[in-house]
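Overview (structure and organization)
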Amino acid sequence: MNLSFSLYRLQTLDTQRQKINKRLAQIEAALNADEEVRLKLQEKTQAEAELAARHHHLEQIEAETREKRLKLELNQVQLFGGKIRNPKELQDLQAESEALNRFIHKLEEMHFEALMEQETAQKALTEAENAHQTAVNQKISENALLAGERGTLTSEMGKLNSQREALIQTLPAEIVSQYDNLLRVKGGKAVASIVDDGCEACGVELSPRDMQAVRSPNALFRCKTCGRILYKG
Ligand SMILES: [Zn+2]
């Protein structure tokens, strides 16, 4: 078999292996990435805290309203009970009654607003819970797809590795070692095809003499510019 053709075959296998390895790394990263789920969980937790705060605020208003109503009841008993006859005292009680009524009215307004705020917070929490669940479900189905793709790629990789092994057995060890070194230092591309009388990798044009040399079946010819092994199909 033509040596440069064998190396070209080897390069084709290695290019496929590089692509698969790159995709496998992407899949691994995607399987481990859960930013979306984490973000939605964070938003849900915030919405829970917001609802709890709104609920607490509402309870405070209710407690204060109860206290003021109790005070007003006592005030009314004193004001209309007939035991207090001193006009000054009665006047003070009347003033207190009016102040309490104003305060209670104000609290009722605040209660209504707080109730609305609590409702809004409850709605936001429901939405955040749904968004979180959606993100979790999406992640689960994405991961299932990715795991499937990883399985396919892994078995493809196994086949490529076997083909590579078999091909290497047919090549002289020093040629393989030369190829492997080139592969390492030339960004994963040790063999370049000749396209339009030029090196496919670096673009340099070859002289007719060089073209002649490249066609020689048992010697390897390397690009004078980029150093890669050249192959003429
Ligand atoms: Zn070149």
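Residues numbered from 1 in each chain as written. Predicted model: local features only at pLDDT ≥ 70, side-chain atom pairs only at ≥ 80, totals over all residues. Heavy atoms only, no water.

**Points about the overall build of the protein chain**
- Of regular secondary structure, the protein chain possesses five helices and three strands.
- The secondary structure elements of the protein chain, listed N-terminal to C-terminal, are α-α-α-α-β-β-α-β.
- For 233 residues, the compact-globule estimate of 2.2 N^0.38 gives 17 Å, and the C-alpha radius of gyration of the protein chain, at 41 Å, exceeds that figure by more than 25%.
- With 233 residues in all, the protein chain has 30% of them scored as buried.
- Put simply, of all contacts in the protein chain between residues at least 6 apart along the chain, 72% involve residues at least 24 apart.
- Split by element, the accessible area of the protein chain, about 15,000 Å² in all, is 54% carbon and sulfur.
- With 32 positive and 35 negative side-chain charges, the protein chain shows a separation of 10 Å between the mean positions of the two kinds. (Helix = DSSP H or I, 4+ residues; strand = E, 2+ residues; numbered from the N terminus. Rg over C-alpha atoms; globule rule 2.2 N^0.38 Å. Buried < 20%, exposed > 50% of the residue type's maximum accessible area, 1.4 Å probe, protein only. Contact = heavy atoms within 4.5 Å. Areas by Shrake-Rupley, 256 points an atom, 1.4 Å probe, with all protein chains shown as cover. Lys, Arg positive; Asp, Glu negative; His and termini not counted. Charge placed at Lys NZ, Arg CZ, Asp CG, Glu CD.)

**Some words on the coordination of the zinc ion**
- Cys 199 (SG), Cys 202 (SG), Cys 223 (SG) and Cys 226 (SG) make up the full set of protein donors to the zinc ion, lying at 2.3 Å.
- Viewed at the metal, the four donor atoms of the zinc ion are separated by angles of 101 to 117°, and the geometry they form is tetrahedral.
- We note that the donor set of the zinc ion lies within a single chain, spaced as C-x2-C-x20-C-x2-C.
- Exposure remark for Cys 223: the relative accessible area of 5% places this residue in the buried category.
- For Cys 226, a relative accessible area of 10% puts it in the buried group. (Donors = N, O, S within 2.8 Å, 3.2 Å for Na, K, Ca; no water. Tetrahedral: all angles 85-135°; square planar, octahedral: opposite > 155°, others 65-115°.)

**Looking at the domain arrangement of the protein chain**
- In terms of domains, the protein chain is made up of domain 1 (1–24 + 172–233) and domain 2 (34–156).
- Here the C-alpha centre of domain 2 lies 71 Å away from the C-alpha centre of domain 1. (Domains from an automatic or database assignment.)

**Observations regarding the packing of aromatic side chains**
- Here the structure, examined in full by the defined rule, presents two aromatic pairs.
- Both rings, one in Phe 5 and one in Tyr 231, keep their centres 5.9 Å apart while their planes meet at 45°; by these two values the pair is tilted. With a gap of 226 residues between them, Phe 5 in helix α1 (residues 3–32) and Tyr 231 in strand β3 (residues 229–231) connect regions that are remote in the sequence.
- Using a relative accessible area of 32% as the deciding quantity, one classes Phe 5 as partly exposed.
- Residue Tyr 231 is classed as buried on the basis of its relative accessible area, which comes to 10%.
- Between Tyr 8 and Tyr 231, the aromatic rings sit 4.3 Å apart at their centres with planes inclined by 20°, giving stacked as the arrangement. Remark: Tyr 231 occurs in strand β3 and Tyr 8 occurs in helix α1; sequence separation between them is 223 residues. (Phe/Tyr/Trp six-rings, centres within 6.5 Å; stacked < 30°, edge-to-face > 60°.)

**Points about helix α4 (residues 173–185)**
- Over its 13 residues, α4 extends 19 Å from the first C-alpha to the last, a length consistent with the 18 Å expected when each residue adds 1.5 Å.
- Looking at α4, one finds that the buried residues are Ile 175, Val 176, Tyr 179, Leu 182 and Leu 183. Buried residues in α4, looked at end-on, bunch into an arc of 125°, giving them a common side. Away from the buried face of α4 by more than 90 degrees, exposed residues Ala 173, Glu 174, Arg 184 and Val 185 are located.
- Those residues of α4 that are buried are in contact with α1, α3 (87–169), β1 (191–195) and β3.
- Positive backbone phi, at 60°, marks Gly 187, one or two positions downstream of α4. (Expected span 1.5 Å × (residues − 1). Arc of directions from axis to C-beta.)

**Description of the environment of Leu 230**
- In this structure, Leu 230 sits in strand β3.
- Taking C-alpha positions, Leu 230 is 95 Å from Lys 68, a pair spaced 162 residues apart along the chain.
- Ignoring any residue separated from it by four or fewer positions in sequence, one finds Leu 230 in contact with Ser 4, Ala 192, Ile 194, Cys 199, Leu 206, Val 214, Phe 221, Arg 222 and Cys 223.

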